[in-house]
Amino acid sequence: MHKFSRRHVLASLGIMGGSAVLTGCGRQLSGEQEALGRQAVETGGKTEAAEPAPPAQAAVEQLATASRDWTYRELDPEEAGQLAYDIYPQGSCMYSVFGSVIMQLANKVGEPFRSFPIEMMRYGAVGIGGWGSTCGVVNGCSALIGLFHRGDDERKIREELTADVCLWYENEALPTFQPDNPALDVEIASTATGSVLCHVSSGAWCKAAGCDAFSVERRERCRRLSAEGAMKVVEVLNNKANGRPDFVDINAEVHSCIECHGKDSQRDSLGMMNCMPCHSFDGEHP
Ligand code: HEC
Ligand code: HEC
């Protein structure tokens, strides 16, 4: 008997089913779902009552649907990397990762890629609008995965592909990309930073490289890291398109944390990112 787990205590008392009633959270969620369901019924009713579309309108709609085919086509990772490096000054990390893929698809297949407002991805710079949260490289890769696998029934594949990117980002010594035309022609240190967060990742890199956070070297590091992110996401998307996705698993230590703190046990922690940068225990875990 784990004396710390309320869930287990409740289960042993035979009142597990009451947990939604005991915690306000559970009840609120089901209320929300109910409201959403009702909304769908109301909207459904309105659609049914509308006039049937005239044939010309149907043709226009068909054309519009065809030009909204966002299917991914295989790309060359090296080209994506160099392009991301080149366009980095136009909009920083997230913009360059996302833009390098969309621009290549626009060249290859035209619409709808040509009309995508990639400038919107400028918001991702420095961990979302300068807040140092999710790294724009990770965010750009994930936005692409989200665009190409956006189905309601594709949640699992989205999460698996995103995990491949996040685990790569946390664990690999980066960047190693060598641009054809380096904006800053110096040796850039490579290090595994252990975190998908801009603040933690860039901080760890600065420490390893001995550079300050506002230095030209740090900017060059992020520029090369963006190129590398574009290469990685193209590789991940190509593999998926070829039916050879390469799903990586989270490491054993984080796995053990989640086993106790996640959904199936104490339920006091969300997420799968590496816990250690923020919770490293000296000796005994509390
Ligand atoms: C064998 C189960 C188990 C494992 C594995 C485990 N924990 Fe815990 N953890 C606990 C329990 C039990 C508590 C105390 C819970 C409480 O006080 O509500 C706790 C507490 C915590 C707390 C809160 C500490 C505080 O200040 O009160 C953090 C943070 C935490 N764990 C993180 C981790 C991380 C990170 C890992 C992986 C390295 C991990 N835990 C692995 C069971 C576990
Ligand atoms: C970016 C930093 C960061 C990372 C990474 C992180 N945490 Fe936390 N965690 C926090 C902060 C901040 C709190 C809030 C601390 C507090 O309330 O005192 C917290 C709180 C917790 C708590 C206590 C919750 C409670 O109810 O008191 C647990 C358990 C926990 N984290 C587990 C984890 C686990 C497991 C992971 C990895 C899967 C993880 N954390 C990753 C920053 C982080």
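Each remark here, short or long, concerns the structure printed above.
Structure report, in brief. (Residues numbered from 1 in each chain as written. Chains lettered and ligands numbered in written order. Predicted model: local features only at pLDDT ≥ 70, side-chain atom pairs only at ≥ 80, totals over all residues. Heavy atoms only, no water.)

Here's the deal with the coordination of the iron atom of ligand 2
- One donor from the polypeptide reaches the iron atom of ligand 2: H279 (NE2), at 2.0 Å.
- Inspection of the secondary structure assignment puts H279 in the segment after α10 (252-261). (Donors = N, O, S within 2.8 Å, 3.2 Å for Na, K, Ca; no water. Helix = DSSP H or I, 4+ residues; strand = E, 2+ residues; numbered from the N terminus.)

Topic: the nonpolar core
- In terms of nonpolar packing, the biggest core is built from 43 residues, with V101, I102, L144 and F148 touching the most fellow members.
- Mapped by element, the contributors of at least two residues to this core are α5 (77-109), α6 (136-148), α7 (155-171) and α9 (216-241).
- The greatest single-element share of this core, amounting to 13 residues, is contributed by α5.
- Look past the residues within four positions of I102 in its chain and what remains in contact with it is F113, F116, I118, L144, L147 and F148. (Core = buried A, V, L, I, M, F, W, Y, C linked by side-chain atoms within 4.5 Å. Buried < 20%, exposed > 50% of the residue type's maximum accessible area, 1.4 Å probe, protein only. Contact = heavy atoms within 4.5 Å.)

Examining the coordination of the iron atom of ligand 1
- Within the first shell, the iron atom of ligand 1 binds the protein through H261 (NE2) and H285 (NE2), at distances of 1.9 to 2.0 Å.
- By relative accessible area, H261 is classed as partly exposed at 25%.
- Residue H285 is classed as partly exposed on the basis of its relative accessible area, which comes to 45%.

Section: the side chain of N139
- Considering the arrangement of structural elements, one finds N139 in helix α6.
- Excluding anything up to four places from it in sequence, N139 contacts M94, Y123, I128 and T134.

What about the pattern of salt bridges?
- Tallied over the entire structure, the rule returns five salt bridges.
- Put simply, K156 and E160 hold a salt bridge, and the shortest N to O gap is 2.9 Å. Here the residue K156 and the residue E160 both occupy positions in helix α7, the gap between them amounting to four residues, near one helical turn.
- According to the relative accessible area criterion, K156 is exposed, its value standing at 58%.
- For E235, the salt bridge identified is with K232, shortest N-O distance 3.7 Å. Of the two residues, E235 and K232 both sit in helix α9, three residues apart, roughly one turn of that helix.
- For E235, a relative accessible area of 39% translates into the label partly exposed. (Salt bridge = Lys/Arg side-chain N within 4 Å of Asp/Glu carboxyl O.)

Focus: the packing of aromatic side chains
- Scanning all chains against the criterion turns up seven aromatic pairs.
- Both rings, one in Y85 and one in F177, keep their centres 6.0 Å apart while their planes meet at 35°; by these two values the pair is tilted. With Y85 in helix α5 and F177 in the loop between α7 and α8 (198-209), this residue pair connects regions lying 92 residues apart in the sequence.
- Judged by centre distance (5.0 Å) and plane angle (45°), the rings of F98 and F116 are tilted. Highlighted residues: F98 in helix α5 and F116 in the loop between α5 and α6, separated in sequence by 18 residues. Pair check on accessibility: F98 and F116 agree, each one buried.
- Of note, R122 hangs over the ring of Y95, and the distance from its end group to the ring centre comes to 5.3 Å.
- The ring of Y85 carries R223 above its face, with NZ or CZ at 4.2 Å from the centroid. (Phe/Tyr/Trp six-rings, centres within 6.5 Å; stacked < 30°, edge-to-face > 60°. Lys NZ or Arg CZ within 6 Å of the ring centre and 35° of its normal.)

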